[in-house]
Amino acid sequence: MKWITREKVKVDRVACPWLIRRFIDPDASFIFLPQDTDWSQLHDGTVFDVPGCELGHHGEDVSFDSILKKYALDDPALPLMAEIVRAADSKPRQPHPAGEGLRWIAHGFSKLGLDDHQILEREFIVYDALYAECKARAASEPNSNNSGVSLK
């Protein structure tokens with residue numbers, strides 16, 4: 001399946017491909033287009049994290065949240081990951097404290113002079129590690145994210 005989003009990936013546009021590859025489509029291919037693309041004219045693939053799309057930002061939810069909901073992903077670690085991605089990518093009312101570190105990592109990767117595919121290749125290991133920690137925390141305290149912030 002072909003997935004299409006904006007170029008110059010950072011938090012949500014790395015987290016979403018990670019989520020897609022790990023939980024939805026292991027053979028997914030990603031296409032990164034300029035910000036000024038007319039997204040409404042694209043029909044050969046699934047568009048995500050662009051203005052006005054179904055798999056985009058809605059209220060406090062980021063694209064990672066939208067994908068979780070659309071594909072009914074129920075892995076107990078993913079809501080905690082979503083809180084962290086949301087805190088790193090937007091300004092929720094109650095940001096998860098780990099979000100700031102994830103934001104720094106994403107911005108650091110963008111300064112390495114890599115193209116979007118190279119960033120995904122290198123940064124997926126960060127999300128694998130974050131997932132492992134979220135999975136361990138979800139297993140130790142169901143219905144809690146271990147931050148004092150309630151899960152939605």
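For the structure given in this document, a descriptive report is provided here. (Residues numbered from 1 in each chain as written. Predicted model: local features only at pLDDT ≥ 70, side-chain atom pairs only at ≥ 80, totals over all residues. Heavy atoms only, no water.)

Side note on the sheet that holds strand β1 (residues 2–6)
Inference 1: The strand order across the open sheet formed by three strands is β2-β1-β3, and the pairing between neighbours is parallel. Whereas interior strands pair on both sides, the edge strands pair on one side only; in this sheet they are β2 (29–33) and β3 (46–47).
Inference 2: One ladder, built from two bridges, connects β1 with β3; its direction is parallel. Bridge pairing in β3 places Trp3 opposite Thr46.
Inference 3: Seen against the sheet, helix α1 (residues 12–24) touches β1 and β2 and runs at an angle of roughly 170° to β1. (Pairing = 2+ DSSP bridges. Helix = DSSP H or I, 4+ residues; strand = E, 2+ residues; numbered from the N terminus. Contact = heavy atoms within 4.5 Å. Axes fitted to C-alpha atoms, helices over the stretch in contact; angles between N-to-C directions.)

Focus on the nonpolar core
Inference 1: Judged by nonpolar contacts, the single largest core of 37 residues is most densely connected at Trp18, Phe64, Leu78, Met81 and Tyr127.
Inference 2: Residue assignment for this core shows that the elements contributing at least two residues are α1, β2, α2 (63–70), α3 (78–89), α4 (98–110) and α5 (116–140).
Inference 3: Each residue touching Tyr127, except ones within four places of it in the same chain, is listed here: Val11, Val14, Ala15, Trp18, Met81, Val85 and Leu102.
Inference 4: Counting residues in hydrophobic clusters, the runner-up holds five residues, among them Ile4, Trp39, Val47 and Val50. (Core = buried A, V, L, I, M, F, W, Y, C linked by side-chain atoms within 4.5 Å. Buried < 20%, exposed > 50% of the residue type's maximum accessible area, 1.4 Å probe, protein only.)

Everything listed here is a matter of geometry and, on its own, says nothing about what the molecule does.
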